[in-house]
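Structural overview for review
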Number of protein chains: 2
Amino acid sequence: MKDLERQLEQSWITNAEAWTQSVREKQIESRKLVTDQAVIQEVARHRPVKVLDVGCGEGWLVRALAEKGMEVVGIDGSNELIKQAQESGGGIFYTVNYTDLCNNPKQVGDQFDAIVCNFSILSEVIVPLLQALSGLLSKQGVLIIHTLHPFAVTEKERYEDGWRKENFQGMGEGYQAEMPWYFRTMSSWLNDLHHAGLRLVHCKEPIHPQTGKPLSLLLTAQKAADHEN
Amino acid sequence: MKDLERQLEQSWITNAEAWTQSVREKQIESRKLVTDQAVIQEVARHRPVKVLDVGCGEGWLVRALAEKGMEVVGIDGSNELIKQAQESGGGIFYTVNYTDLCNNPKQVGDQFDAIVCNFSILSEVIVPLLQALSGLLSKQGVLIIHTLHPFAVTEKERYEDGWRKENFQGMGEGYQAEMPWYFRTMSSWLNDLHHAGLRLVHCKEPIHPQTGKPLSLLLTAQKAADHEN
């Protein structure tokens, strides 16, 4: 595993408490404003019975979906975050990192009507993860990826895939580690979905009500019927 | 037909001569720099025998593809541009506007290995056109759409679908009519492809070599095997 991937994984252990506080005290403006509701709506629209929340963190989304009557499993690589999630309940939670998940996907269950990755796909190589998740979908099941919108590249940056650093500024206090994360262009997302044997069935770009600019990207995909890989 | 659609169609008749000059004298910087080669490469990559160029204008792309040994048909709604194209040769050219094409797609041929729309999908309602083109593809045929990149929204504009105006500034002289055109967000493009029964198989975002920002968007799609509409 590359150093940056290891740092990324470690950051969610180191920052578990600060992150839990940020989420529970709603300190992340864009989430409060738009993106939390956007992902809940996109999942609910498909009326799933069984849902898997991949990279569930302290579990807010599991709880929100469980309140709507769904049966939800949450997984995360950070045992510290999973402990927070288990204390609050609402679903079944397992500590499973993405490498373990790829090695044995069905340890978390199977035949999910919806699998959601809410700002939780942050690695460089993602096709094996997408393939593993695809294998856990029910026949008409949907994989919903919610991520930073690729427009979120500053004036000075080139628009290209690459590692960036998140320092959690403006998201609350107590963060002790930067989080490396991998920025992907729109084409990178779309091509990786295709290479994983998934077919995009819906795309949504939630907009900031004041600025009119996109705040996030929601990609909803299904297993491609004709995929031969 | 809405007024703006009529103005859009009419602009290519009024501006036919100015446009022909702009293209032939390579007066459009982004095309010379990146996008002309990008679309040629994307078509050539699929090694098509029969190609349809939809909205071919004065025919430069037909000629470029014909030089690579492809059998190319070019169609355009502007009879003035088709005359220019016919004079220069390289392929078979027909004057057919998109309404006529949708009413009777096979008048332009059938079983195309590649259909290319190079900056030529500018209307508000495009699903019927995409469906008509999908019906003209050979079994493994690809529909290639090359368009303005949706990032090309200015600071002041909201990121949302809507009519805009092109005044051809910086593209040469002699333009006598503004061209209304319909801006589409990324999700709008992707959802319309899906609704037309097409599956995205490749996405490319050609980049300006200096600024590092995307200059255009290339979407390559095939008929979806499981489409039931």
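Residues numbered from 1 in each chain as written. Chains lettered and ligands numbered in written order. Predicted model: local features only at pLDDT ≥ 70, side-chain atom pairs only at ≥ 80, totals over all residues. Heavy atoms only, no water.

1. Focus on the environment of A:Glu9
Residues and elements named next belong to chain A. Put simply, the rule is: Secondary structure elements are taken from DSSP: a helix is a run of H or I of four residues or more, a strand is a run of E of two residues or more, and numbering for both begins at the N terminus. Whenever two N or O atoms come within 3.5 Å, that pair is a polar contact, provided that in protein one can donate a hydrogen and the other can accept it, and provided that, for residues adjacent in sequence, both atoms are side-chain atoms.
With respect to the helices and strands, Glu9 occurs in helix 1 (residues 3-14). Note: C-alpha distance between Glu9 and Ile75 (66 residues apart in sequence) is 14 Å. Within polar-contact distance, the side chain of Glu9 engages the side chain of Asn97 at 3.5 Å.

2. Section: the UniProt feature "domain: Methyltransferase" (unreviewed entry) in chain A
What counts is decided by this rule: UniProt positions are given in the numbering used here, feature names are shortened, and annotations may be inferred rather than shown by experiment.
Using the residue numbers shown here, the UniProt feature "domain: Methyltransferase" (unreviewed entry) corresponds to residues 51-141 of chain A. Structurally, residues 51-141 of chain A comprises 35% helix and 29% strand, and the distance from its first C-alpha atom to its last is 9 Å.

3. Regarding the relation of the copies chain A and chain B
Superposing the two chain copies requires a rotation about an axis and a translation along that axis. As a reminder, the rule being used: Alignment of the copies relies on least squares applied to C-alpha atoms, considering only residues that score at least 70 for pLDDT in both. By definition, residues are in contact when any of their heavy atoms lie within 4.5 Å.
Of the transformation placing chain A onto chain B, the axial shift is 0.0 Å and the rotation is 180°, giving an RMSD of 0.0 Å. The two molecules are tied by a two-fold rotation axis, judged by turn and shift. Comparing interface residues between copies, 100% of those in chain A also lie at the interface in chain B; the contact surface is shared.

4. A few points about the pairing of strand 1 (residues 50-54) of chain B
Strand residues, when the strand is regular, have side chains that alternate between the two faces of the sheet. Residue and element names in this part refer to chain B. Defined as follows: For the exposure calls, accessible area comes from a 1.4 Å probe over protein chains only, and a residue counts as buried if that area is under 20% of its type's maximum, exposed if over 50%, partly exposed in between. Strand pairing follows a simple DSSP-based rule, namely that at least 2 bridges must link the two strands. Handedness of a crossover: with both strands directed away from the viewer, a clockwise path from the first strand across the helix to the second marks it as right-handed.
Of all 5 residues in strand 1, 4 are buried, a share of seventy percent or more. Sheet topology note: the strand 1/strand 2 (residues 71-76) ladder contains 5 bridges and is parallel. Its bridge partner being in strand 2, Lys50 is matched across the sheet by Glu71. Where the polypeptide runs from strand 1 across helix 4 (residues 60-67) and back to strand 2, its parallel neighbour, the crossover connection is right-handed. Direction of pairing for strand 1 relative to strand 4 (residues 112-118): parallel, over a ladder of 3 bridges. Looking at strand 4, one finds that Asp53 is bridged to Val116.

5. Looking at the packing of helix 7 (residues 127-134) of chain A against helix 8 (residues 186-195) of chain A
Any two packed helices are characterised by the angle at which their axes cross and by the distance between the axes. Residues and elements named next belong to chain A. Short version of the rule: Whenever a helix is involved, its axis is fitted only over the stretch in contact; in every case the axis is a line through C-alpha atoms, and angles between N-to-C directions fall within 0 to 180 degrees. Comment on the angle field: the value is read as roughly parallel under 35 degrees, roughly antiparallel over 145, roughly perpendicular from 65 to 115, and oblique elsewhere. Each crossing gets its hand from how the near helix is turned against the far one by less than a right angle, where anticlockwise is left-handed and clockwise is right-handed. Lys, Arg, Asp and Glu make up the charged group, whereas Ala, Val, Leu, Ile, Met, Phe, Trp, Tyr, Cys and Pro make up the nonpolar group; the residues left over, Gly among them, are polar.
It is the contact of helix 7 with helix 8, at a shortest axis distance of 9 Å, that shows an interaxial angle of 50°. On the basis of the axis angle, helix 7 is oblique to helix 8. Relative to helix 8, the crossing made by helix 7 is right-handed. Within the contact between the two elements, helix 7 uses Val127, Leu130 and Gln131 and helix 8 uses Asp192, Leu193 and His195. Split by residue class, the contact of helix 7 with helix 8 holds 3 nonpolar, 2 polar and 1 charged.

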